2 protein chains.
Amino acid sequence: MLNRTAEAVDFALTHGMLQYSPDGKLRHAPLCTSPYHISYDNFHFMVQNSLTLQSLTQIISMDKELLIDLHAPLQQHDPFIATLLDIARSSLSNESPWRFHLSRSDFMLDNKTSTPKFVEINTIAASFHGLAQMVAQLQNNLARRNLINTKAEENPVLSHLVAALERAVNAINYENPCLLMVVQPDERNVFDQRLLQYAVQEQLNMPFWRMSLDEVAQRAKRKGDTLYIENQPVAMVYLRSGYGPNDYDTPDAVAGRILIEQCHCLRVPDIFTQLAGTKLTQHYMCSNAAMKQYLSPEQVDLLAPSIAPMYRLDDMSGNKSMRDIACLTPECYVLKPQREGGGHNLYYDDIPPFLENLPLEQYSLYVLMDKINAITHPAELVVNQHSQNIEAISEIGWYGAALYHDSQCYFNQNLGYLVRTKSVDSNEGGVCSGYACLNAISVDKPQ
Amino acid sequence: MLNRTAEAVDFALTHGMLQYSPDGKLRHAPLCTSPYHISYDNFHFMVQNSLTLQSLTQIISMDKELLIDLHAPLQQHDPFIATLLDIARSSLSNESPWRFHLSRSDFMLDNKTSTPKFVEINTIAASFHGLAQMVAQLQNNLARRNLINTKAEENPVLSHLVAALERAVNAINYENPCLLMVVQPDERNVFDQRLLQYAVQEQLNMPFWRMSLDEVAQRAKRKGDTLYIENQPVAMVYLRSGYGPNDYDTPDAVAGRILIEQCHCLRVPDIFTQLAGTKLTQHYMCSNAAMKQYLSPEQVDLLAPSIAPMYRLDDMSGNKSMRDIACLTPECYVLKPQREGGGHNLYYDDIPPFLENLPLEQYSLYVLMDKINAITHPAELVVNQHSQNIEAISEIGWYGAALYHDSQCYFNQNLGYLVRTKSVDSNEGGVCSGYACLNAISVDKPQ
């Protein structure tokens, strides 16, 4: 009579948990009906380390020279990195004192040790705040009605994010300011963005613009250090575009980004924070040397066990290059290019033929990471109104926000979490296979 | 850059303003972007009269004999009315003291006098509480961003409805109660119902069931005067089904309704309140004699000017029957059968051939009403993501709730409003033609 799938679907649809399918159809976002269970120790461990990673990224983002030097060798072979470096160099003289930083650090639980391993930190367009909050509400609605057995950990990401954003906008203290979200023209995940926009508009009574980078070039104006839209100063530019090569397809798009980067508005992120989030920088900052240089011994002690080793392709292990080792035992590695947004990594049998055809001069474009073999667990996934019970793995992301004035940190805080659950084997078939489904966590609280 | 239609559509989709199209596709509910303007005098006049009409209906619903006598002549020719009377007769002995009453009284502004004329009162399944609240929020979101010029009158129907419902459930004072919404199996307007359900669940921590009438017969049990679902007493049964012939297609559906009517739970509505909402009863209760019998002189003075005359087909005017007059001047009348839910009335050229073929013994199934010629106004309608500027008419409904213990009224209050706007001429073509679009009002407040 009360069908769990139908109840979950209607809750999702009624609460803005929507996406457009690739062919433009309106759908609920893929979701799980029951929370993913983690221990309190792992919960605490991930929150702490996500704050450390956010602060580490922020420290490195201030070392502009380091980031340019780190990425410069790639520019000849990667036009996208070259574009980012052009933008970075054009904004080297921007000495804006306030910086507001949003990130999401993703972890998976290792199936041998049951401890969290760090996957990556996202410093640009870390999305799903709205949908993540809603899926916890959805599961708690099901739990209250005994349609599932376990309550989800409350996850008020949106309200925490809006509060952080308000503090940042108040700090920069523009008179009669407006806000700008930079979006891709054909965004399928628009409802997640809208949930954030409406939450901001409820709380902050200021104009909220949505523009593509092209529109920024055409409609926004710089006067001195300040960006203006229709004669109102822009206090914050929040980028949900600009993280992939296609976002810079036109000269106007590049010009739009450069315009933003030359202004003192809060740029979320600025170009250097974006560069601090590449796989290349992650390889650098997660080295023992860098961790020891930038972090306290206590922070290193807590963070180090979560770090999965990363390698450059020409790193040597004994008398073999890591490229050769990855070709021999590809099941042990993930091959990552300098790209954000999912779908770019290579696994298993796809690695050897790719590496064998890769010219030496392009080795620097990739990093290898030890593959994390995640704990598997049963899950009910719901995709396009159909449900499927499968064996799944989950990735847990921790949202953070930080506000800095020069090197002084005003806050560095956790905003909430995101869980994405998918079938262990994307090849197993069925309607839900291949979809990363929004999920929540449940946590053993200490007695 | 900010496209009003796109902004309205995304707000609607993100806030649960959804419907399924007849072919099962997910769509935003048809809507208007700018509020319909009315004067404060008309606002006040309609609120007052809607409360009078609600209380008049409630008084008449207590006169069970009158309602059975009024409808008995129809039962031979109208199986649906016969079913309702069977249900009514089977519950004659139900002496439950508490009654909770929801209604919506609909008005249109007359184009000659600019004053409101009463169209009808809906005593069963008066829907759109959730969507009505949301469309006012939507228009105010647009207004705040200067995408429209006029703010909508706030319309917190859902929260007012939930508060009224909570008072009623507290009054009946069952231990550990649950709530039941009776729904049609293939409801396209399910999201409006869900918005109400979630608002109730947020406020009242009690199980909330959705069942068809068939499922009620199969799953609910009566013990003494109390209805139980899974051993919990049902404090309130809210009917969003049971108002049309198709809702009683199976013996179980009729049995389900009878089961409900034999219990002391709050029935929203009980069968007699449903009968008090038919066109036949409206013809009776809006007569001068009935108004004078049941209402105070002040109430009659305020209500009477809003009443459009209604007739039985065999009423005589001079030496002609109203049937003959309607055949000669059909443009002056609306022909209404005893049906709820829209789409049943006949207008203009459809009236004469229908009446000419109607057997004498079926005259009693219909009432005629003077056609209200509503004020027209320009409007931007948005249907399935396309907008159209047209000349439109609007119907304004006023939601009410009332709680009675025997004849003592605990409250009789307005909950908010609903505006539905549609093109003057449904034949004019275009994507928006023929759709009743959700709208809000703006009101001139007195200085």
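Since this is a predicted model, take the numbers as computed values, not measurements.

So, how was this worked out
Residues numbered from 1 in each chain as written. Chains lettered and ligands numbered in written order. Predicted model: local features only at pLDDT ≥ 70, side-chain atom pairs only at ≥ 80, totals over all residues. Heavy atoms only, no water. Least-squares fit on C-alpha atoms with pLDDT ≥ 70 in both. Contact = heavy atoms within 4.5 Å. Pairing = 2+ DSSP bridges. Helix = DSSP H or I, 4+ residues; strand = E, 2+ residues; numbered from the N terminus. Core = buried A, V, L, I, M, F, W, Y, C linked by side-chain atoms within 4.5 Å. Buried < 20%, exposed > 50% of the residue type's maximum accessible area, 1.4 Å probe, protein only. Disulfide = S-S within 2.5 Å. Domains from an automatic or database assignment. Buried area = accessible area lost by both parts, 1.4 Å probe. Salt bridge = Lys/Arg side-chain N within 4 Å of Asp/Glu carboxyl O. Polar contact = N/O pair within 3.5 Å; in protein donor to acceptor, adjacent residues only side chain to side chain. UniProt positions renumbered as here; feature names shortened; annotations may be inferred. Axes fitted to C-alpha atoms, helices over the stretch in contact; angles between N-to-C directions. Left-handed = near helix turned anticlockwise from the far one by under 90°. Nonpolar A, V, L, I, M, F, W, Y, C, P; charged D, E, K, R; others polar. Phe/Tyr/Trp six-rings, centres within 6.5 Å; stacked < 30°, edge-to-face > 60°. Lys NZ or Arg CZ within 6 Å of the ring centre and 35° of its normal.

Student: Could you clarify how one ought to interpret the relation of the copies chain A and chain B in this entry?
Tutor: Copies of the same chain, two in number, are related to each other by a rotation about an axis and a translation along it. Placing chain A over chain B gives an RMSD of 0.0 Å and needs a rotation angle of 180 degrees, together with 0.0 Å of translation along the axis. Taken together, the rotation and translation describe the operation of a two-fold axis. Counting the interface residues of chain A, we find that 100% of their copies in chain B are interface residues as well, pointing to one common contact surface.

Student: What should I look at first to understand the sheet that holds strand 17 (residues 346-347) of chain A in this one?
Tutor: Note on sheets: strands pair through backbone hydrogen bonds, and any given pair is parallel or antiparallel. Residue and element names in this part refer to chain A. Ordered by their spatial adjacency, four strands build an open sheet running 13-18-16-17, and the pairing between neighbours is antiparallel. In this open sheet, the two edge strands, each paired with only one partner strand, are strand 13 (310-312) and strand 17. Across two bridges, the pairing between strand 16 (residues 333-337) and strand 17 is antiparallel. Paired with L335 across the bridge in strand 17 is L346.

Student: Looking at this structure, how should I read the nonpolar core?
Tutor: Where a protein is soluble and globular, its nonpolar side chains tend to be buried together. If you look at the biggest cluster of nonpolar residues, it comprises 311 residues, and the most contacted ones within it are A:F100, A:L179, A:I441, B:F100, B:L179 and B:I441. Once residues within four sequence positions are removed from consideration, A:F100 is found in contact with A:A164, A:L165, A:A168, A:M236, A:L266, A:R267, A:V268, A:A401, A:A402, A:L403 and A:F411.

Student: It is not clear to me how the state of the cysteines should be interpreted in this structure. Could you clarify?
Tutor: As used in these notes, a disulfide is a covalent bond between sulfur atoms, one from each of two cysteines. Residue and element names in this part refer to chain B. Inspection of every chain in the model, using the stated rule, returns zero disulfides over all chains. The thiol of C263 is not disulfide-bonded; the next cysteine sulfur, from C265, is found 5.4 Å away. We note that C437 lacks a disulfide partner, and the nearest cysteine sulfur, in C32, lies 5.0 Å from it.

Student: Would you mind showing me how to read the sheet that holds strand 16 (residues 333-337) of chain B here?
Tutor: Residue and element names in this part refer to chain B. Strand order in the open sheet made by the four strands is 13-18-16-17, with antiparallel pairing throughout. On the outer flanks of this sheet lie strand 13 (310-312) and strand 17 (346-347), each paired with one strand and no other. In the sheet, strand 13 pairs with strand 18 (residues 366-370) via three bridges, with the strands oriented antiparallel. Bridge pairing links R312 to V367 in strand 18.

Student: What am I meant to see in the domain arrangement of chain A here?
Tutor: When the parts come together, some accessible area is lost, and that loss is often what is quoted as the size of the interface. Residues and elements named next belong to chain A. For chain A, the assigned domains read domain 1 (6-18 + 29-277 + 390-443) and domain 2 (309-371). One C-alpha centre belongs to domain 1, the other to domain 2, and the line joining them spans 27 Å. Between domain 1 and domain 2, the residue contacts involve 13 residues of the former and 10 residues of the latter. When the two sides are added together, the surface that domain 1 and domain 2 hide from each other amounts to roughly 1000 Å², 55% of it contributed by carbon and sulfur. Looking only at domain 1, the three residues that lose the most surface to domain 2 are L74, H77 and Y243, adding up to 43% of its buried area. Across the contact surface, domain 1 and domain 2 share one salt bridge. R339 is the salt-bridge partner of D78, the closest N and O atoms lying 3.1 Å from each other. Inspection of the domain 1/domain 2 interface yields three residue pairs in polar contact (both at pLDDT 80 or more).

Student: I tried to follow the UniProt feature "domain: Glutathione synthase substrate-binding" (unreviewed entry) in chain A on my own but got confused; where do I start?
Tutor: UniProt's feature table lists "domain: Glutathione synthase substrate-binding" (unreviewed entry) at residues 178-276 of chain A, given in the numbering used throughout. End-to-end, the C-alpha atoms of residues 178-276 of chain A are 27 Å apart, and along that stretch the chain is 37% helix and 28% strand.

Student: Looking at this structure, I do not really get the packing of helix 4 (residues 79-90) of chain B against helix 9 (residues 251-261) of chain B. What am I missing?
Tutor: A packed helix pair is summarised by two numbers, namely the angle formed by the two axes and the spacing between the axes. Residues and elements named next belong to chain B. Remark: helix 4 packs on helix 9, axes separated minimally by 9 Å, with the N-to-C direction vectors making an angle of 35 degrees. Seen along the crossing, helix 4 lies across helix 9 with a hand that is right-handed. Across from T83, I87 and S90 in helix 4, the residues of helix 9 making contact are V254, R257, I258 and E261. Each residue belonging to the contact of helix 4 with helix 9 can be placed in one class, and the counts come to three nonpolar, two polar and two charged.

Student: I tried to follow the interface of chain A and chain B on my own but got confused; where do I start?
Tutor: Listed by partner, the interface residues are 32 residues for chain A and 32 residues for chain B. Taken over both partners, the interface formed by chain A and chain B buries close to 2800 Å², and the fraction arising from carbon and sulfur atoms is 54%. Where chain A packs against chain B, one counts six salt bridges. Ionic pairing is found between B:E7 and A:R194, a salt bridge with its closest N-O pair at 2.8 Å. At the surface where chain A touches chain B, the tally comes to 12 residue pairs in polar contact (both at pLDDT 80 or more). Considering every element that reaches the side of chain A that touches chain B, the biggest residue donor is helix 7 (residues 190-203) of chain A, with eight residues.

Student: Looking at this model, I keep getting lost on the packing of aromatic side chains. Mind explaining?
Tutor: The description of an aromatic ring pair rests on the distance of the ring centres and on the angle between the ring planes. Residues and elements named next belong to chain A. Here the structure, examined in full by the defined rule, presents 22 aromatic pairs over all chains. Aromatic pair F354 and Y366: ring centres 5.3 Å apart, planes at 70 degrees, arrangement edge-to-face. One end of the pair, F354, is in helix 15 (residues 351-356); the other, Y366, is in strand 18 (residues 366-370), and 12 residues separate them in sequence. On the accessibility criterion, F354 (28% relative accessible area) is partly exposed. A cation over a ring is seen here: K223 above Y228, with NZ or CZ 4.6 Å from the ring centre.

Student: How should I be thinking about the pairing of strand 5 (residues 98-109) of chain A in this particular structure?
Tutor: The side chains of a regular strand alternate, first on one face of the sheet and then on the other. All names here are of chain A. Taking burial as the measure, the 12 residues of strand 5 include 12 buried ones, the bulk of the element. Of the two faces of strand 5, both are covered, the one formed by W98, F100, L102, R104, D106 and M108 as well as the one formed by R99, H101, S103, S105, F107 and L109. Bridging between strand 5 and strand 20 (residues 386-405) involves 10 bridges; their strand directions are antiparallel. Each residue of the ladder has a partner; that of H101, found in strand 20, is A402. Looking at chain direction, strand 5 and strand 6 (residues 116-122) are connected through six bridges and run antiparallel.

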